[in-house]
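# Fold and contact review
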Amino acid sequence: MNKPEILLMGTLHLSMDPDIVNHQKDQIQQVVEALKEFKPTKVAVEKSFLIEEELARKFQQYKKGDLIPSYDEVEQFAFPLAHHFDHPAVYPVDEIVDMSSPSLNQVFEWAKEHQPSLFKEILKIQQDLKQIEDTSSLSATLQSINDPHYISQLQRVYMKLTRVGDRQHQVGVKWLKQWHERDLAITANLSRLAEVNDKILLIIGSDHLHLIKQFLYDSQDFTLSSYLQYAP
């Protein structure tokens, strides 16, 4: 009996950079063609079950040729892959978590006002991450944000957020509790979806890669693969 295999693909959110869809359709197609080599049995995406019916409706429209994919990584990557392998659905595994108590902006504002040296440390790592990101093409960007070094540096930012606040005001920790809740729930939803011999492709924002990979690894229930193994 084989463990389910999960391929983790960190992505940028295409709605934040519509030019990629407008001018790099060939790159999108190259990524889709490369991922076909994985031969997924299911494609899981960063969408909530609350929009499952809408997602299913759009996927059916896509299969009929009645949907022009929008500026959305699910419609650009997941729909053509799931359609190619004649999957019945694309599977939403995201979780709705209130991330406002405190918000990430409030965490940064606290650090800026009360812990300026820590704030500078965080900004420095974020600047370094921008230098690592290769924005010359979609393929290059996806490779850079899935690179283990990039993922580890991004996790450093989150770990520095734990220091924001003091013993009476655990500002950073309280925000991270919300973030961890979301990634734990995504992992749980993904785990429930998996069946013996499944090959699941998870397409998710790259910020989530570290925790979800760690949670899946700790379960010892899955074989894990990286997008870099299939990247064009």
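The notes below deal with the structure included here. Because the structure is predicted, anything quoted here is derived from the model rather than measured.

Each neighbour pair has its own omega, and for Ser101 with Pro102 the value is 0°, a cis peptide bond. For Pro102, the position within the fold is in the loop between strand 3 (91-94) and helix 5 (104-114). Unusually for a residue other than glycine, Lys39 sits at a positive phi of about 55°. Here Lys39 shows up in the loop between helix 2 (25-35) and strand 2 (42-48). Here the phi dihedral of Gln220 falls at roughly 60°; this positive angle occurs in a residue that is not glycine. On the basis of relative accessible area, Gln220 is assigned to the exposed category, the value being 58%.

Geometrically, a pair of aromatic rings is defined through the distance of the ring centres and the angle of the planes. Overall, the coordinates contain 7 aromatic pairs when judged by the stated rule. Taking the centre distance of 5.6 Å and the plane angle of 15° together, the rings of Trp175 and Trp179 count as stacked. Here Trp175 pairs with Trp179, and both are found in helix 9 (residues 171-193), just 4 residues apart, close to one helical turn. Accessibility assignment for this pair places Trp175 and Trp179 in one class, buried. Among the aromatic residues, ring-to-ring pairing joins Phe59, Tyr62 and Phe79 into one connected group. Over the ring of Phe38 we find Lys199, and its NZ or CZ is 4.6 Å from the ring centre.

Another point: the sheet that holds strand 4 (residues 199-205). Strand order in the open sheet formed by 5 strands is 3-2-4-1-5, and the pairing between neighbours is parallel. Edge positions in the open sheet fall to strand 3 and strand 5 (223-226), since each of these has one partner strand only. The average undirected angle you get between the axes of adjacent strands in this sheet is 35°.

Per the counting criterion, the structure on display carries 1 cavity of 30 Å³ or more. By volume, the largest cavity amounts to about 40 Å³. What lines the largest cavity is Ile151, Leu154, Gln155, Tyr158, Ser206, Asp207 and His210. Among the elements that line the lining of the largest cavity, the one with the most residues is helix 8 (residues 148-161), at 4 residues. The class makeup of the residues in the lining of the largest cavity is 3 nonpolar, 3 polar and 1 charged.

Below, the discussion takes up the pattern of salt bridges. Tallied over the full model, the rule gives 11 salt bridges. One salt bridge connects Asp72 with Lys47, and the closest N-O pair in it is separated by 2.8 Å. Note that Asp72 is positioned in the loop between helix 3 (52-64) and helix 4 (73-84) and Lys47 in strand 2, a separation of 25 residues in sequence. Judged by relative accessible area, which is 14%, Asp72 ranks as buried. Residue Lys58 pairs with Glu75 through a salt bridge whose shortest N-O separation is 3.3 Å. One end of the pair, Lys58, is in helix 3; the other, Glu75, is in helix 4, and 17 residues separate them in sequence. By relative accessible area, which is 6% here, Glu75 ends up buried.

Parameters and conventions
Residues numbered from 1 in each chain as written. Predicted model: local features only at pLDDT ≥ 70, side-chain atom pairs only at ≥ 80, totals over all residues. Heavy atoms only, no water. Helix = DSSP H or I, 4+ residues; strand = E, 2+ residues; numbered from the N terminus. Buried < 20%, exposed > 50% of the residue type's maximum accessible area, 1.4 Å probe, protein only. Phe/Tyr/Trp six-rings, centres within 6.5 Å; stacked < 30°, edge-to-face > 60°. Lys NZ or Arg CZ within 6 Å of the ring centre and 35° of its normal. Pairing = 2+ DSSP bridges. Axes fitted to C-alpha atoms, helices over the stretch in contact; angles between N-to-C directions. 1 Å grid on protein atoms, 1.4 Å probe; cavity = no way out; pocket = protein on both sides within 12 Å on 5 of 7 lines; lining within 4 Å. Points joined across faces, edges and corners; volume = space filled by probe spheres on them. Nonpolar A, V, L, I, M, F, W, Y, C, P; charged D, E, K, R; others polar. Salt bridge = Lys/Arg side-chain N within 4 Å of Asp/Glu carboxyl O.

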